[in-house]
Amino acid sequence: RQRVYNYPNNALSYTLLQDVHETGHQRSVNYNLGIDYTLSKNTTVGILYNGYMGPYRENGNYSNQFTSKTNKPDSIIASNSRYNYKTFRNAFNMNLQHFLDGHRREININLDYLQYAAWQAIYTGRMIR
């Protein structure tokens, strides 16, 4: 990446050259479990559990070189990072379906609960010059 920063008075203008190498790893798991139970010929109740787990891990190495407006190297920052992110989701559903007289009308009731959580950890390493 090359980023050029120009300010109105040109006194602080500089260029940033970035060399970025990142490797990411992701695995995710979805799971579902549900059951319906027929109470009568007109009424069914059900429960459903749905879940998701998605950990993500990334390692990176970065080199940032700052150059002045005359294209002379000013400073170099080298760093590395480790990034970990974990996501969890749990969803629960309870439902009821009841057909009224003649099966032309029905009542449906759904109750849902959703739980979502995420954790993040970042480590950034060294800088030189």
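Criteria and thresholds
- For every chain, the first residue of its written sequence is number 1, and the numbers climb from 1 along that sequence.
- Totals for whole chains, interfaces and linings use every residue, but because this is a predicted model, local features are given only for residues with pLDDT of at least 70 and side-chain atom pairs only at 80 or more, for both listing and counting.
- Side-chain numbers come from the whole structure's heavy atoms, not from hydrogens or water.
- Only runs of H or I of at least four residues qualify as helices and only runs of E of at least two qualify as strands under DSSP, and these elements are numbered from the N terminus.
- All radius of gyration figures rest on C-alpha atoms, and the globule criterion is 2.2 Å times the number of residues raised to 0.38.
- Throughout, exposure labels follow a simple rule: accessible area from a 1.4 Å probe, protein chains only, divided by the maximum for the residue type, with under 20% read as buried, over 50% as exposed, and the rest as partly exposed.
- Contact definition: two residues touch when any of their heavy atoms are within 4.5 Å.
- Values of accessible area rely on a 1.4 Å probe in the Shrake-Rupley scheme; residue burial ignores everything except the protein chains shown.
- The charge count includes Lys and Arg as positive and Asp and Glu as negative, but it does not include His or the ends of the chains.
- Charged groups are reduced to one reference atom each: NZ for lysine, CZ for arginine, CG for aspartic acid, CD for glutamic acid.
- Here the term patch refers to residues with relative accessible area over 30% and no salt bridge, with like charges joined within 9 Å and nonpolar side chains (Val, Leu, Ile, Met, Phe, Trp, Tyr) within 5 Å.
- Any carboxyl oxygen of Asp or Glu within 4 Å of a side-chain nitrogen of Lys or Arg constitutes a salt bridge here.
- Here is the rule: rings of Phe, Tyr and Trp (six-membered ring for Trp) pair when centre to centre is within 6.5 Å. Planes less than 30 degrees apart are stacked, more than 60 are edge-to-face, and the remainder are tilted.
- Only when DSSP finds a minimum of two bridges between them are two strands counted as paired.
- Each residue carries a pLDDT value, the predictor's own confidence for that position, ranging from 0 to 100.

## Concerning the overall build of the protein chain
- When helices and strands are tallied, the protein chain shows zero helices and six strands.
- Against the 2.2 N^0.38 benchmark of 14 Å for 129 residues, the protein chain shows a C-alpha radius of gyration of 28 Å, more extended than a compact globule.
- Taking all 129 residues of the protein chain together, 17% fall into the buried category.
- At a minimum sequence separation of 6, the contacts of the protein chain that also span at least 24 residues come to 58%.
- Only carbon and sulfur atoms are counted for the fraction: they give 53% of the accessible area of the protein chain, which is about 10100 Å².
- Between the centroid of the 14 positive side chains of the protein chain and the centroid of its 8 negative side chains there is a distance of 11 Å.

## As for a nonpolar patch on the surface
- A surface patch of nonpolar side chains, about 580 Å² in accessible area, is lined by Ile35, Ile47, Met94, Ile107, Ile109 and Leu111.
- Among the elements that take part in the nonpolar patch, strand S6 (residues 106-124) stands out by supplying three residues, more than any other.

## Focus on the packing of aromatic side chains
- For the coordinates displayed, the defined rule picks out five aromatic pairs.
- On the numbers, 6.2 Å between centres and 70 degrees between planes, the contact of Tyr56 with Tyr83 is edge-to-face. Of this pair, Tyr56 sits in strand S4 (residues 43-68) while Tyr83 is found in strand S5 (residues 73-99), placing the two residues 27 residues apart along the sequence.
- The exposure class of Tyr56 is partly exposed, given its relative accessible area of 24%.
- Among the aromatic residues, those joined into a ring-pair cluster are Tyr31, Tyr49, Phe92 and Tyr113.

## Concerning the pairing of strand S3 (residues 29-40)
- In terms of burial, S3 is largely open, as just zero of its twelve residues are buried.
- With eleven bridges connecting them, S3 and S4 associate as antiparallel partners. Bridged to Asn30 within S4 is Tyr52.
- Connecting the antiparallel pair S3 and S4 is a turn made up of two residues.

## Focus: the confidence of the model for the protein chain
- Residues with a pLDDT of 70 or more make up 91% of the protein chain, whose mean pLDDT is 86.
- When mean pLDDT is taken per element in the protein chain, S3 scores highest with 96 and strand S1 (residues 2-5) scores lowest with 82.

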